[in-house]
Amino acid sequence: MIVDNSHVFLQFSELGVHVQSEANQEIEIISWDKIKKKELALWSKLKIERHLVKVLTIEILHSDFLLIPQEYDTQLYRIGFLEKALGQDALQGKELHDQPVHWIESNLSFLIPSEWKDFASSLFPLAKIHYRHILGELLAENKHVKSKNATQLHLYLQGKFAFMSLFYQGKLQLANVFIHQSTLELAFYLHSIRDSFDVLLTRETVNIHSSGAESDATIQSLAQYNILI
């Protein structure tokens, strides 16, 4: 998606680069294999000259992340926390980034595959690149629930990944990614959240977004499992 002539916003995931179509505003995913074979496939969607871009914002949709309370987040312990949560080899071939979430006094540490960063640098070599994680954005969207003592579940579906944050009566209870192979698996997981926290799965309590046609279809299919969102 082009924000303006000098600022470009893209999403990177394991599926590829997510680009918003100018015609119908739908998200199209250009696979990494397709980009490697013919980078013009991406440029034909972006329709902008490289030298005009001053800022590139990339939102990461990846499952390697950890939300760490700021009082425990130090350079000395951060790597240990990540390796314990994600595995000893979690950082291999990846680079670490941080996204502060000040209103819950936490930092979101997330990993980006090095090849993704190399590709981003090659896209617009003169641009300043900012990275952020989809979960950090979901947490930011929930900022209002603390003052309202509200209950809100935010979901972002992308392929087999469901990124989510849950606030119950204004307090963070869940910040996670659920990897599912079918809509039924995702529905079962959402109903387990409903039972654990007594949350109604309706449009009033669930804020859901998606990226790509596959995820859009998943949202439509959830209704058959009594998830009315």
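Our subject is the structure that appears above.
Below: a short report on this structure. (Residues numbered from 1 in each chain as written. Predicted model: local features only at pLDDT ≥ 70, side-chain atom pairs only at ≥ 80, totals over all residues. Heavy atoms only, no water.)

1. Considerations on the overall build of the protein chain
Within the protein chain, the secondary structure is distributed over eight helices and 13 strands. By the compact-globule yardstick of 17 Å for 229 residues, the protein chain fits well, its C-alpha radius of gyration being 18 Å. Taken over the C-alpha atoms alone, the protein chain extends approximately 50 × 45 × 35 Å along its principal axes. At a minimum sequence separation of 6, the contacts of the protein chain that also span at least 24 residues come to 60%. Of the roughly 12200 Å² of accessible surface on the protein chain, a fraction of 50% belongs to carbon and sulfur atoms. Treating the 21 positive side-chain charges of the protein chain as one cloud and the 27 negative ones as another, the clouds have centres 3 Å apart. (Helix = DSSP H or I, 4+ residues; strand = E, 2+ residues; numbered from the N terminus. Rg over C-alpha atoms; globule rule 2.2 N^0.38 Å. Contact = heavy atoms within 4.5 Å. Areas by Shrake-Rupley, 256 points an atom, 1.4 Å probe, with all protein chains shown as cover. Lys, Arg positive; Asp, Glu negative; His and termini not counted. Charge placed at Lys NZ, Arg CZ, Asp CG, Glu CD.)

2. A word on helix H4 (residues 114-123)
Among all positions in H4, only Trp116, Lys117, Phe119, Ala120 and Leu123 are buried. What you see down the axis of H4 is that its buried residues fit within an arc of 160 degrees, all on one side. The exposed residues of H4 that point more than 90 degrees off its buried face are Glu115 and Asp118. (Buried < 20%, exposed > 50% of the residue type's maximum accessible area, 1.4 Å probe, protein only. Arc of directions from axis to C-beta.)

3. Considerations on the environment of Leu46
As for its position among the elements, Leu46 is in helix H2 (residues 40-46). For Leu46 and Ser122, which are 76 residues apart along the polypeptide, the C-alpha to C-alpha distance reads 15 Å.

4. With respect to the side chain of Asp64
Inspection of the secondary structure puts Asp64 in the loop between strand S5 (55-61) and strand S6 (65-69). The class for Asp64 is buried, based on a relative accessible area of 15%. Apart from residues no more than four positions distant in its own chain, Asp64 is found in contact with Leu86, Ala90, Lys94, Ser109, Phe110 and Leu111.

5. Observations regarding the sheet that holds strand S13 (residues 206-210)
Strand order in this open sheet of four strands is S12-S11-S10-S13, and the pairing throughout is mixed. Each end of this open sheet is capped by a strand with a single partner; those strands are strand S12 (171-179) and S13. Neighbour to neighbour, the strand axes of the sheet diverge by 10 degrees on average, direction disregarded. Strand direction decides the pairing type here: strand S11 (residues 161-168) and S12, joined by eight bridges, are antiparallel. Note on S12: the bridge partner recorded for Leu166 is Leu174. Taken strand by strand, helix H7 (residues 183-197) contacts strand S10 (152-158), S11 and S12, and its axis lies near 165 degrees from that of S12. Against the sheet, helix H8 (residues 213-221) engages S10 and S13, with an angle of about 150 degrees to S13. (Pairing = 2+ DSSP bridges. Axes fitted to C-alpha atoms, helices over the stretch in contact; angles between N-to-C directions.)

6. What about H8?
Where H8 is concerned, the buried positions are Ser215, Thr218 and Ile219. Down the axis of H8, the buried set is contained in an arc of 100 degrees. They therefore lie on one face. Exposed residues lying more than 90 degrees from the buried face of H8 are Ala213, Glu214 and Gln220. Against the buried residues of H8 lie S10, H7 and S13.

7. Examining the pattern of salt bridges
Opposite charge on two side chains permits them to pair, given that their charged atoms come into close proximity. Counted according to the given criterion, the structure contains seven salt bridges. For the salt bridge of Arg132 with Glu137, the shortest nitrogen-to-oxygen distance reads 3.8 Å. Of the residues examined, Arg132 reaches a relative accessible area of 26% and is grouped as partly exposed. The residue Asp195 makes a salt bridge to Arg194 at a minimum N-O spacing of 2.7 Å. Assessed through its relative accessible area of 55%, Asp195 is described here as exposed. A single salt-bridge network, built from bridges that share partners, covers Glu59, Arg132 and Glu137. (Salt bridge = Lys/Arg side-chain N within 4 Å of Asp/Glu carboxyl O.)

8. Looking at the nonpolar core
Among the nonpolar cores identified, the biggest contains 41 residues, and Leu10, Phe12, Val17, Phe124 and Phe163 are the most heavily contacted of them. One finds Leu157, Leu166, Leu174 and Leu186 within the second-largest nonpolar core, a separate group that totals 20 residues. (Core = buried A, V, L, I, M, F, W, Y, C linked by side-chain atoms within 4.5 Å.)

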